[in-house]
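Chains, contacts and geometry: an overview
Next come the chains, spelled out residue by residue.
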Amino acid sequence: MPTVSAAGLLTLQTPLGWLAARIVPEGVTRLSLGHATRARAIEAVAGTTGRAVAATAAAAGRVQTTARLLEELLERYFAGESVCFDPVAVVLRLPPFTTTVLTACRAIPFGRTTTYGQLAAAIGHPRAARAVGQALARNPVPLIVPCHRVLAGNGRLGGFTSPGGVELKRALLALEGVRFE
């Protein structure tokens, strides 16, 4: 059963481990998944807001609205439904190149994949596949920005910085109907 704290912390036990998300009035600032315990998931997103959350009733309402939307989409996603997280606002406080990469990655549809090189070309930097991979490694909101859908140029899985690493990436893709040998 998911829980949302007054401080904007959503936790959810999924088939792939515990997930936690930090939410501020402007949107989700951090999401971490694949943890063995709820406490570890919370620890992974703790201290990422940079300021007090929900100082007013309106701000608290925005946090709760975003949390309910994210919770609903996550439950549908982990039930195997094709889900688009576009309605969920995110807060990306990252360098411009990284933000550009994550914005482009967010457009990769459920059940589809691309490569680091193809994503680099899509943002106008065709020789920057490695830099794209480094930008994706800084993704603060996996699933919402589906970096698990980006593969190495040889079609292999490549890396994944969430707990569980490449096996979690494989499991997420399998949930979306993408299979690997």
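Residues numbered from 1 in each chain as written. Predicted model: local features only at pLDDT ≥ 70, side-chain atom pairs only at ≥ 80, totals over all residues. Heavy atoms only, no water.

**Thoughts on the environment of Cys84**
Mapped onto the fold, Cys84 is located in the loop between α2 (57-78) and α3 (96-105). Given a relative accessible area of 44%, Cys84 falls into the partly exposed group. A sequence separation of 77 residues divides Cys84 from Thr161, and the C-alpha atoms of the two residues are 22 Å apart. (Helix = DSSP H or I, 4+ residues; strand = E, 2+ residues; numbered from the N terminus. Buried < 20%, exposed > 50% of the residue type's maximum accessible area, 1.4 Å probe, protein only.)

**With respect to the nonpolar core**
Counting 41 residues, the largest nonpolar core has Leu70, Leu74 and Leu136 as its most contacted members. Elements supplying a minimum of two residues to this core: β2 (9-14), β3 (17-24), β4 (27-35), α2, α3, α4 (116-122), α5 (129-137) and α6 (165-175). For this core, the element with the most residues is α2, which contributes 7 residues. Discounting chain neighbours no more than four positions away, the residues touching Leu70 are Leu10, Ala21, Ile23, Val28, Leu31, Phe85, Val88 and Ile144. Formed by 5 residues, the second largest nonpolar core is a distinct cluster that contains Leu9, Trp18, Ala20 and Val45. (Core = buried A, V, L, I, M, F, W, Y, C linked by side-chain atoms within 4.5 Å. Contact = heavy atoms within 4.5 Å.)

**Some words on the pattern of salt bridges**
Counted under the stated rule, the structure contains 5 salt bridges. A salt bridge links Arg76 to Glu72; the shortest N-O distance between them is 3.6 Å. Separated by 4 residues within a single helix, Arg76 and Glu72 lie in helix α2, roughly one turn from each other. In this structure Arg76 comes out as partly exposed when scored by relative accessible area, which is 29%. The partner of Arg149 in a salt bridge is Glu176, and the shortest N-O contact between them spans 2.8 Å. Taken as a pair, Arg149 in the loop between α5 and β6 (150-151) and Glu176 in the segment after α6 lie far apart in primary sequence, 27 residues in all. Like Arg149, the residue Glu176 is buried in the burial classification. (Salt bridge = Lys/Arg side-chain N within 4 Å of Asp/Glu carboxyl O.)

The values reported here are purely geometric and, on their own, carry no functional implication.
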